Amino acid sequence: MLPFAPFLIPLVAIALSLVLFGGFVGLAGADVQAVYQSIYRGAFGTWFSWQNTLTSAAPLMLTALCTALPARLGLIVIGGEGAVVVGGLAAALTGLVLVDANPWVALAGMALAAMLTGGLLIGLVGWLRHGRNVNETISSLLFNYISIAILSFLVIGPLRDPETLNKPSTHHIGDTHMLGALGDTSIHWGFGYGLIVCLLLWVLYKRTVFGFAVDMVGGNVRAALLSGLPVGRIVFLVCMMGGAAAGLAGMVEVAAVHGRANTSLNAGYGYEGILIAFAARHHPLAIIPMAILFGGIRASSGLMQRDHDLPDATSLVLQGIIFILILASEAVFARLAKRQGSAA
Amino acid sequence: MDKKMSKQHDTPVNPKRRTTLKGLAGLGLGIFAGGFGIREASAAIKKVTMGFLYVGPRDDYGYNQAHFEGKSAIAKQSWVKAVDQENVPETIAVQKAMESMINLDGAQVIFPTSFGYFDPHILKIAPKYPDVMFLHCGGLYDASKHPKNVGSYFGYIDEAVYVSGIVAGHASKTGKLGYIAAIPIPQVLRNINNFTMAARSVNPKITVQVVFTGGWSNPVKEAESANSLIDQGVDVLTCHVDSPKVVVETAEKRGVYSCGYHADQSKLAPKGFLTGAEWNWSKVYLDYATLISKGTKIPNLVRGGFKEGLVKSSPYGKVVSAKARAHADKVRAQFMKGDFVVYKGPIKDNTGKVVIARGKEYGQTDIWLESMDWLVEGVVGRTKG
């Protein structure tokens, strides 16, 4: 393989995607060059746009981990959305319990509660897989629906703040307990959390015995069992870490944006995270640039609509093209490398 | 909260640009910004730039389309530049989209049209841009609590729903009507109650079965509910969800009548469509644009029903009888005069409890009606669980 292949392949794929996308918007009747300019301007062209992009990327980094971590074990978990929802709900409730506490205590409590709840949800998916042989993809998908239903039930029913007449929500956690922005920017702390968590998990996977054990279970479960690894515990723990990351994204939504739990928690971050995890090939560090790229596309969607009269779905088309080309190019390059290898 | 259109804490809108890009140096990319620079707004003294945000697609045959039609109507004016963005979720995305319209397009007025955009999103962004006006659809403005550059507008669409109820009452043969609603919040309950009371004013034996789908856009559940209601003998369906498309189409396919909501759905059901309650946002948006271009103060609270031209009824379908038309027209005329009171005692809820005593009445603008949590006698359904 080429020396810089891990970087080169996605870059080539992204460049190619942009060309294909140009053809698409051209067919839709827009001025292709101007559309490229709008995407650039809306996503990365100004400091204002950068802040938009990084804010959009923040929850995606965390939800991507929910799919990326278990993927190292060979599991395909798509329950990020559910973990965001239950995490956010747990955070909002903890925030209400700790409403008189010191802000730091309250925020730490909210983060812990969210990570624990999200973690238990996905941990349960892992346990069902290992202990009961229940397909993890299906169970995590179904858990999403259950989580959303529980959220709707609670915010419309017993936990509803009667003041929130037409948008049922829980009570507000209090302005002093809200999570602030990073320095002078308008980017909330969720982005910082995302960076830190991605880095920590990368170190965990690359530099620790635990990371090695995870790779071993992912490589061959039988071999791992024969070597005496506690496979069940590893599966549970890894799933739990993934769920905890997505749960933390839910806490950020509550603590940095809404101040309450309501159905806005279920905004699709979990599903977009799946896309990013796959595009990043489940590598915790690669998730960072991928989330920023997809966040940028999200951020530029507005300009594509406003300047070129393109529908909102245009940005989904671009995301889809990039996603498919990155996955496909990986396979193509692998085959090329193999052929080169056998020729030599 | 005062309901009159004139009630105000007014802010003149200054058409000059007010927000400069901050921190261009960030991440070393600022240098590129100049090339794509911000449009010079001083050239546009009289021109008004308006930004619209919708929570769903522009062509949903419903809530969002109604706003999009309003936007399209004013975009035709040469002195208006109207930009819009669809599918903006009620998350931080809407804050970013509003700021983007202000910073990159130079918008002077922002219309965030979804209910959930108000708190916390508008309330967070508005203080940062004191010269931009944020006009929210939903009627939550409170001069004592909210920034002066925020306002709200909303229509008493329940008047038009009442008229639909009369037409539905005349059309129904089985005496069973069906209402598919999103969630049991006051605005929705008020529509259901109006529809029911109107239909029962035609035929007191009529019942209205309500199904709550749990969300504003839940097409699968909406179709299931429509089918199950029709299976139970319901022969007129209506709904309060973001897009009535699924309900109206299902009714047409199953050969029952339907009443529309938000926008005109008559095209979707050429046979069974009766009428519908529609918003008339083009009037509201044109009024705002005119005020702004003249530099006049904008009222912070705009409310109204038929009389003020904020709501209207969809044209009657072919199947609507002359008798039904005459009855509905008569009631509409009373609303136009402003002397029709829907909530006039005695009124019982559907558990038998008297909620409005004999001799008591609540007029259209009464704040008490805005916290409604009960269903009127004749509705089959519950607001909880």
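Residues numbered from 1 in each chain as written. Chains lettered and ligands numbered in written order. Predicted model: local features only at pLDDT ≥ 70, side-chain atom pairs only at ≥ 80, totals over all residues.

What follows covers the overall build of chain B. Secondary structure summary: chain B contains 10 helices and 17 strands in total. Looking at chain B as a whole, 53% of its 385 residues qualify as buried. Taking the contacts inside chain B whose residues are at least 6 apart along the sequence as the reference set, 68% of them involve residues at least 24 apart. (Helix = DSSP H or I, 4+ residues; strand = E, 2+ residues; numbered from the N terminus. Buried ≥ 20, exposed ≤ 12 C-beta atoms within 10 Å, placed from the backbone. Contact = placed C-beta atoms within 7 Å.)

Residue and element names in this part refer to chain B. On domain assignment, one finds that chain B holds domain 1 (42–155 + 281–304) and domain 2 (157–278 + 368–380). If you average the C-alpha positions of domain 1 and of domain 2, the two centres end up 29 Å apart. Listed by partner, the interface residues are 10 residues for domain 1 and 11 residues for domain 2. When residues of the side of domain 1 that touches domain 2 are assigned to their parent elements, the largest contribution, 5 residues, is made by helix α2 (residues 63–75). Class assignment for the residues of the side of domain 1 that touches domain 2 results in 3 nonpolar, 5 polar and 2 charged. (Domains from an automatic or database assignment. Nonpolar A, V, L, I, M, F, W, Y, C, P; charged D, E, K, R; others polar.)

Residue and element names in this part refer to chain B. With their axes 9 Å apart at the nearest point, helix α7 (residues 219–231) and helix α8 (residues 245–253) run at an angle of 35° to one another. As for the relative orientation of α7 and α8, their crossing is right-handed in sense. For the pair α7 and α8, contact is made by Pro 219, Glu 222, Ala 223, Ala 226 and Asn 227 and by Val 246, Val 247, Thr 250 and Ala 251, respectively. Its residues placed into classes, the contact of α7 with α8 shows 6 nonpolar, 2 polar and 1 charged. (Axes fitted to C-alpha atoms, helices over the stretch in contact; angles between N-to-C directions. Left-handed = near helix turned anticlockwise from the far one by under 90°.)

With that settled, the discussion passes to the sheet that holds strand β4 (residues 133–137) of chain B. All names here are of chain B. Taken together, 6 strands build an open sheet; the order of strands is β2-β1-β3-β4-β5-β11 and the sheet is parallel. Two strands in the sheet have a free side with no partner beyond their single neighbour: β2 (80–85) and β11 (301–304). Ignoring strand direction, the axes of neighbouring strands in this sheet form an average angle of 15°. Pairing analysis gives 4 bridges linking strand β1 (residues 48–53) to strand β3 (residues 109–112), with the strands arranged parallel. Bridge pairing in β3 links Met 50 to Val 109. Sheet strands touched by α2: β1 and β2. Its angle to β2, the strand with the most contacts, is close to 155°. Across the sheet, helix α3 (residues 92–105) is in contact with β1, β2 and β3; its angle to β1 comes to roughly 160°. (Pairing = 2+ DSSP bridges.)

This part covers the pairing of β11 of chain B. Residues and elements named next belong to chain B. Here β11 shows no split at all, with Leu 301 and Arg 303 on one side and Val 302 and Gly 304 on the other all buried. Judged from the 4 bridges that link them, strand β5 (residues 150–155) and β11 form a sheet pairing that is parallel. Counterpart to Tyr 153 in the pairing with β11 is Val 302.

The subject of this paragraph is the environment of Ala 326 of chain B. In this fold, Ala 326 of chain B is placed in helix α10 (residues 322–337). A C-alpha to C-alpha distance of 31 Å links Ala 326 of chain B and Tyr 153 of chain B, two positions 173 residues apart in sequence.

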